[in-house]
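Architecture at a glance
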Amino acid sequence: MTSQQSRVVVQLRDMILKGDFAPGERLAEIPLAERLGASRTPVRLALTTLEHEGLIEPSPAGGYQMRRFTSREIDDAIRLRGVIEGCAARLLAEEGAPRPLLRKLRDCLEEGDQIVNRPGMGLDDYAAYVEMNNRFHALIVQGSGNAAIRRTLDFLNSQPFASPSAMLPMQSSMQEGQQWMQLAQRQHHATLQAIERGQGARAQALGEEHVEIARMNLEYAMDRPELAARLLPSMRLVTAPTLGG
């Protein structure tokens with residue numbers, strides 16, 4: 001993949017995840033190329049890539065269109081992420097994490113502790129937590145040294161609302177949001193402890209349990225579509241809740 005094609009893929013994926021396109025909207029090469037300042041060839045190839053990722057679909061009129069997602073699809077992706085991230089943590093626990101990596105993970109948690117234990121969390125605090133949260137998860141995945149895990153998570157994290165911090169804007173709007181954040185942070189500590197103690201099965205289980213907060217955030221968002229549309233514009237791509245179906 002050329003650098004221009006990679007750039008176009010990243011730009012288009014970001015636009016999709018930000019809700020720039022409505023469900024069913026046709027994604028025509030020429031307007032997109034003009035909008036992105038790119039030629040048609042990398043745009044065409046990028047659209048093919050995004051179709052393989054499941055973000056767009058063929059249009060009956062030819063070319064591609066923005067697809068609609070179900071809450072079940074998103075929930076499935078979140079749960080699978082928990083399994084895969086748990087596997088990464090398990091590998092680290094069983095194979096032994098290098099000291100420099102453990103130090104970076106501890107630094108993340110110290111930063112996160114300061115954020116979630118403040119008397120009140122503002123938008124800047126949530127933004128700082130998102131950055132710390134993404135870094136913590138990435139360190140575990142990278143530290144596992146497993147290329148298949150990295151590729152799988154790259155794919156899952158490219159799906160709407162499936163990445164580690166994707167649903168945190170909803171959490172910032174609820175009264176219990178900071179309490180949920182503190183719970184997530186305690187789970188981070190427990191995961192690091194399991195890694196340090198070589199407790200592979202515990203690390204795996206914690207990875208799977210950790211995503212339950214994201215699943216609750218998703219359910220909260222689906223129950224409050226107007227609020228969700230304001231905080232997460234791309235929620236308009238998601239159909240009514242089907243978590244039990």
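Please refer to the structure higher up on the page.
These notes cover the structure that comes with them. These figures come from a predicted structure and were not determined experimentally. (Residues numbered from 1 in each chain as written. Predicted model: local features only at pLDDT ≥ 70, side-chain atom pairs only at ≥ 80, totals over all residues. Heavy atoms only, no water.)

1. Some details on unusual backbone geometry
Rule in force here: Comment: elements are numbered from the N terminus, with helices defined as DSSP H or I runs of at least four residues and strands as E runs of at least two.
For F161, which is not glycine, the phi torsion reads 65 degrees and is therefore positive. Positionally, F161 belongs in the loop between α7 (147–157) and α8 (168–171).

2. Brief notes about the packing of helix α1 (residues 3–17) against helix α3 (residues 40–52)
For clarity, the threshold we go by: Each axis is a line fitted through C-alpha atoms, taken for helices only over the stretch in contact, and angles between the N-to-C directions span 0 to 180 degrees. Working rule for angles: under 35 degrees goes down as roughly parallel, over 145 as roughly antiparallel, 65 to 115 as roughly perpendicular, anything else as oblique. The handedness criterion is simple: a crossing whose near helix is rotated anticlockwise from the far helix by less than a right angle is left-handed, and one whose near helix is rotated clockwise is right-handed. Should any heavy atoms of two residues lie within 4.5 Å, those residues are counted as being in contact.
Two elements in contact, α1 and α3, have axes separated by 9 Å at closest approach and are oriented at 55 degrees. On the basis of their axis angle, the class for α1 and α3 is oblique. α3 is crossed by α1, and the crossing has right-handed handedness. Taken together, the residues of α3 that come into contact with α1 (itself represented by Q4, Q5, V8, V9, L12, R13 and I16) are P42, V43, L45, A46, L47, T49 and L50.

3. Here we look at α7
Applicable threshold: In this scheme, a residue with accessible area under 20% of its type's maximum is buried, one over 50% is exposed, and one in between is partly exposed, where area comes from a 1.4 Å probe on protein chains only. Here, the arc refers to the directions that run from the helix axis to the C-beta atoms. Counting of polar contacts relies on pairs of N or O atoms within 3.5 Å, with two restrictions inside protein: one atom must be capable of donating a hydrogen and the other of accepting it, and residues adjacent in sequence are counted only when both atoms are side-chain atoms.
Of the positions making up α7, those classed as buried are I149, L153 and L156. Taken end-on, α7 shows its buried residues confined to a sector of 60 degrees, consistent with a single buried face. In this structure, α7 carries R151 and D154 as exposed residues pointing more than 90 degrees from its buried face. At the N-terminal end of α7, a side-chain oxygen is found 3.0 Å from the backbone nitrogen of A148, two or three residues along, and the residue is N146.

4. Section: the environment of A147
Following the sequence through the fold, A147 ends up in helix α7. Remark: the alpha-carbon pair of A147 and R67, spanning 80 residues in sequence, is separated by 29 Å.

5. A word on the nonpolar core
Defined as follows: Definition used in this section: a nonpolar core is a set of buried Ala, Val, Leu, Ile, Met, Phe, Trp, Tyr and Cys residues joined via side-chain atoms within 4.5 Å.
L105, Y129, F136, I140, I149, M181 and I195 are the most contacted members of the largest nonpolar core, which has 38 residues in total. Listed by contribution, the elements that provide at least two residues to this core are α4 (71–95), α5 (99–116), α6 (123–144), α7, α9 (177–196) and α10 (200–210). If near-sequence neighbours (up to four positions away) are discounted, F136 is found in contact with L105, C108, L109 and H188. Membership of the second largest hydrophobic core comes to 21 residues, among which are M15, A46, L47 and L237.

6. Thoughts on the environment of L32
Here L32 shows up in helix α2 (residues 29–36). Judged by its relative accessible area of 5%, L32 is buried. Taking the C-alpha atoms as reference, L32 lies 8.8 Å from L12; in sequence the two are 20 residues apart. Those residues in contact with L32, other than ones at most four positions away along the chain, are L12, F21, L27, V43 and L47.

7. Some words on the sheet that holds strand β3 (residues 64–66)
As a reminder, the rule being used: Note on pairing: DSSP must find at least two bridges between two strands before they are called paired.
Overall, antiparallel pairing links the three strands, which are arranged β1-β3-β2 in an open sheet. Here the strands that pair on one side only, and so sit at the sheet edges, are β1 (26–27) and β2 (56–58). Contacts from α3 reach β1, β2 and β3 within the one sheet, and its direction differs from that of β2 by about 105 degrees.

The analysis is restricted to geometry; functional conclusions fall outside its scope.
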